[in-house]
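Chains, contacts and geometry: an overview
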Amino acid sequence: MPRTPAIALVAALAVTGSLSPAGATTSSPGELIFHSGFEDGSTLNATQTDITGVDSSVAAPNDWVNDLEGHLQVGKFDMQYEGLGGLTSNYAAIVPAPDDPSNETLTFRLTEPLEDPAKGRIQANVYDTDLDEMYYRMNWYVPGNLSHLETLSPMRWLTVAEFWNDEGWKSSDTPYRMTVGLTQAPGGGLSFTLQGDVKIDNSWVEIWHTRNDAVTVPYDEWFAIDYYFLEGDAENGRFAMTLTTGIGTAAVTETVFAVQTTTHHPDDSSPDGLNGFNPMKMYGHSENFTEMADHGGMQWYYDDIELWSGTPSSFDPESLQWQHIEPEEPDLQVQNEYLIEFEDLSVASAQTGADSAYEVIQDPQLSEGAGVRFNATDLGDLIQFATPMVRGTYELEVGVLAGPDQGRSQLFTLGDDVGEPIDFYAEEPEHRVLTLGTVTAGSTGGKAVRLTSTERASASSGSAVTVDFLRLTAIPARIIDVSGPAWNHGTGDTVDIDVTFDRPVTVTSDSPTPSLDLGLSNDTAARASYSGGSGTTDLTFTYTAQHDDSAPDGLGLPESVNAAEGALLDEAGRSVDLTLPAAHLGDTLIAAPMVQTAPATGLAADVTTTADVIADTFVRTGGGADLNTNFGGAAVLQVRNDDEPASSTTSDSRRSYVTVGIGELRAPVTAASLELSVLYAQGATTAISPVDDVTWGERDITWNSQPVASSELLDGPHTGIQTGDRISFDVTTHVAALVEQGHDRASFVLHDPTGQDRYVGFASRDHADTSTHPAVNVTQQVQTQSPMVQILGTTQWWCSEPGTLRLFVATDPAFAVAEVRWAAGDLDVSEAATAGEALVRAPNGTYSVHVPGNGPYTAYVRDTAGNERVLAHVVTTLRPGAPEHLCRTSSSYSVVT
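Reading the values: the criteria
- Residues numbered from 1 in each chain as written.
- Predicted model: local features only at pLDDT ≥ 70, side-chain atom pairs only at ≥ 80, totals over all residues.
- Heavy atoms only, no water.
- Helix = DSSP H or I, 4+ residues; strand = E, 2+ residues; numbered from the N terminus.
- Buried < 20%, exposed > 50% of the residue type's maximum accessible area, 1.4 Å probe, protein only.
- Contact = heavy atoms within 4.5 Å.
- Areas by Shrake-Rupley, 256 points an atom, 1.4 Å probe, with all protein chains shown as cover.
- Phe/Tyr/Trp six-rings, centres within 6.5 Å; stacked < 30°, edge-to-face > 60°.
- pLDDT = per-residue confidence, 0-100.
- Salt bridge = Lys/Arg side-chain N within 4 Å of Asp/Glu carboxyl O.
- Pairing = 2+ DSSP bridges.
- Lys, Arg positive; Asp, Glu negative; His and termini not counted.
- Polar contact = N/O pair within 3.5 Å; in protein donor to acceptor, adjacent residues only side chain to side chain.

1. Topic: the overall build of the protein
A tally of regular secondary structure across the protein gives four helices and 61 strands. Classification of the 897 residues of the protein by burial places 52% in the buried group. Pairs at least 24 residues apart make up 74% of the contacts formed inside the protein by residues separated by at least 6 positions. Accessible area for the protein stands at about 37900 Å²; split by element, carbon and sulfur atoms hold 47% of it.

Below is the structure:
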């Protein structure tokens, strides 16, 4: 533990902006949550992801688990890595200080090439926090070789601390972060930046920013960094950062930042404190780490950390002069075109050949006079670039300068849509613009573009090409299909028309409501209004058929959807192409003459469905340590009974709770079973009992707050459970009774009533393998409806030759149509089941049938439940030689009872 620089915060604010006194701040009496010098007792685990133990060099609170993670305002501490490709040269470790072998410190070391070509990360996470006011300090040692970052042109982004309220990776409507970074100071050295961001459409958008070039990072010496956070809006929020060098009376403290601004999302009406922060962080663009790999690598050291709720007595926020920064409205304008000059775009990964290279070259033929020259020596050599695409679909163009005898290269993209490779080869030097085609940005909003050598001009030559620029032009979302119900609608019937886009779209305005103008045969004005589907690829437009409406040959469609500018937007916030690809829905009929069977009751049948598991968790005594711990996010449901009192320090009993949604079940339940996958078992025994309280939340209950279970055993105890089993618990009586009483949930507890210290772990609904998730299979006895048959067409038609009719068939929603037949004659069910022609359903949902002449015909349908139905249809007039069709028909139907 090195000598600690004195805490002597002063108001030497060296940033631009208006200054104001700190009269609005409200500092709470501080509580030291945790401190450590990483000395004896502090243990980094084998995976280098967590620190445990008790630091013997300082007084309590000094326990990494019980004091830090066990504090009511802190939920989790661990270490996180990204893009490292292993922990041999890139890692976090507790090591001797570079200036004192007797002092233990925490080091972050990232010295080798990255596995992830875009960025690298080593950071400490303090998450699930609840801190309205927080103070954190640490000692930091930055080796002098990091001065090489000052020479980069340019230096890429490098983050050293981050503060989250709310976290961007959780389901919050108001994600917000504050980021402390390093950058090149104009006068030399590395200075600090600070900014606040909100998250919009999966991308972080800056709303305020400041930097301080007057305070730079000291090299090869220990210095103290202190952070102060106070939750508040633009008037009441505070964030301060100071840097202290020297020891004792020689200590010099400089204020890096003291900003008065919002420290939560501006739209967050109920902020709930700092939800997490990364107090120690090495996170940056891969180019920084690549450059530093040849200059000793990027490594620094931390020591003597302290975390306070509120503030220590040595800190007075009212002594600071605060820079007021008014957050700006986020820029929501979406670019429709990206023009990327390659001399300004870093290469994200190098080629495979040992002698291959790329370079920025100057050439007046190129845009802006410069480009990136790719010189390959072997086939498969490549360079790769990252593009800042907002999610969406684009046309990709590339400007290139090819040369003679340079072989061939191909450009293609990496992401959700790979696209088609194209060739750059030219016999003579030539500047060309080539179109790669349509590409789609990845789910995280970015895309990589890779140039690969595919052919040499000769056995002794390589290949080369100069890339000038990329141009990505956004292609708006477009309509790819329109469909309507293949049915004949009467007065008062609802007609839903689905408009399908090639990607999700959002309806942003209901005034005026987007609509479709529909064409009816009697020229009556009709309009279908938007009724649902925003955020998906399918929007529904609904029309209610009116008296005197007529569309016997199908609905007509307009050229495009009616919508105000910006009323429909794609995922990237761009307006969409509203042109409709079809002009007619030939099978969506209104008031068309028809004949059909009447609804009828069918057979009683057993229908098996799966009820949703809506909550599951386990509770545990854990030697008393876990009596108030929640395990709602665990991937395993655990059962154990060691037959000891829960208060015992050696007790480790566990029970699992499951809640099932049964609100959709209405018919009598004849069978119900809970199926579970066994992940591991030790001579396990498990039984299941009902729980009357169905209101418990899986993220809330603990051993001490678990609901009371019934003493009734619904099933079990099951013995001899083995790892890999899929076992079933019979819960029929309980589920059947609750359904009959109209309840919408059923709750159960899995437990071991034997007290023999056996153990079993079942997969929960949070397990990564979805095939192992709990399932509740329910069999109900339902009264089915027999199939309905409808003939679409006219009741009188002029005809001089055999014609065609169409059938529409529907059956009970729980079943499917098994067979449809069409035969000459007025047949009963048993006759029609084997007569005539078996029909095949067309894509529009109808069946075409042949009418060779006058006389009776029978349509027959059978569903998978065994229900049968016939419709007899009589053609009374078919006159060969007539100038037009005229067929008079009548119909009758028979019903199977």
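2. Focus on helix α3 (residues 732-741)
An α-helical turn contains 3.6 residues, so any two residues separated by three or four positions project in the same direction. Buried residues of α3: Thr732, His734, Val735, Ala736, Leu738 and Val739, and no others. Against the buried residues of α3 lie β46 (669-682), β47 (684-691), β49 (726-730) and β50 (745-751). Just past α3, the residue Gly742 takes up positive phi, approximately 90°.

3. Observations concerning the packing of aromatic side chains
Tallying each qualifying case throughout the model produces 24 aromatic pairs. When the centroid spacing of 6.1 Å and the interplanar angle of 65° are considered together, the rings of Tyr136 and Phe277 count as edge-to-face. Taken together, the residues Tyr136 in strand β9 (residues 133-141) and Phe277 in strand β17 (residues 274-278) connect sequence positions 141 residues apart. What makes Tyr136 buried here is its relative accessible area of 4%. When its relative accessible area of 0% is taken as the criterion, Phe277 is described as buried. Centroid distance Trp822 to Tyr857: 5.5 Å. Interplanar angle 5°. Geometry classified as stacked.

4. Comments concerning the confidence of the model for the protein
Scored by pLDDT, the protein has a mean of 83; 83% of the residues are at 70 or more. Low pLDDT, under 50, characterises residues 794-798; the stretch is placed with 20 contacts to residues that sit more than four places away or in other chains. Counting contacts from residues 883-897, a segment whose pLDDT is below 50, to residues more than four positions away or on other chains yields 55 contacts.

5. Concerning the environment of Trp140
In this structure, Trp140 sits in strand β9. For Trp140, a relative accessible area of 1% puts it in the buried group. On a C-alpha basis, the gap between Trp140 and Leu243 in space is 9.8 Å, while along the polypeptide they are 103 residues apart.

6. Description of the pattern of salt bridges
The final tally for this structure, using the stated rule, is 21 salt bridges. The closest approach of N and O atoms between Glu287 and Arg156, which form a salt bridge, is 3.9 Å. Note that Glu287 is positioned in helix α2 (residues 286-293) and Arg156 in the loop between β9 and β10 (158-164), a separation of 131 residues in sequence. In this structure, Asp570 engages Arg503 in a salt bridge whose closest nitrogen and oxygen atoms are separated by 3.6 Å. Of the two residues, Asp570 is situated in strand β39 (residues 568-570) and Arg503 in strand β34 (residues 494-507); the sequence distance between them amounts to 67 residues. Since its relative accessible area comes to 5%, Asp570 is described here as buried. On the accessibility criterion, Arg503 (8% relative accessible area) is buried.

7. Focus: unusual backbone geometry
Of note, the amide linkage connecting Ala60 to Pro61 takes the cis form, showing an omega dihedral of 5°. Relative to the assigned elements, Pro61 resides in the loop between β4 (51-52) and α1 (64-69). A positive phi is found at Phe38, a non-glycine position, where the angle reads about 60°. With respect to the secondary-structure elements, Phe38 resides in the loop between β2 (31-36) and β3 (43-44). A residue is classified by how much of its surface remains accessible, and Phe38, at 1% relative accessible area, is buried.

8. Description of the pairing of β17
Extensive coverage of β17 is indicated by the burial of five of its five residues. In the sheet, strand β8 (residues 119-131) pairs with β17 via three bridges, with the strands oriented antiparallel. Among the inter-strand pairings, Val126 is bridged to a residue of β17, identified as Phe277.

9. Here we look at the side chain of Asn275
Mapped onto the elements of the fold, Asn275 is located in strand β17. In contact with Asn275, other than residues within four places in its own chain, are Tyr127, Asp128, Thr129, Trp164, Asn165, Asp166 and Glu167.

10. Regarding the side chain of Asp863
Position of Asp863 among the secondary structure elements: in strand β59 (residues 855-863). The side chain of Asp863 sits in the buried core without any salt bridge; Arg862 is the nearest counter-charge, 7.0 Å away. Polar side-chain contacts of Asp863 include one of 2.9 Å to the backbone nitrogen of Asn867. Not counting chain neighbours up to four residues away, the residues in contact with Asp863 comprise Gln785, Pro787, Thr811, Ala816, Val817 and Ala818.

11. Overview of the environment of Pro154
In this fold, Pro154 is placed in the loop between β9 and β10. Classification of Pro154 by relative accessible area gives partly exposed; the value is 41%.

12. Overview of the environment of Gly755
Take Gly755: it is sitting in the loop between β50 and β51 (759-763). Looking at Gly755, the relative accessible area reads 12%, which means it is buried. Along the primary structure Gly755 and Arg640 are separated by 115 residues, whereas in three dimensions their C-alpha atoms are 8.0 Å apart. Contact partners of Gly755, with chain neighbours within four places excluded, come to Asn641 and Asp643.

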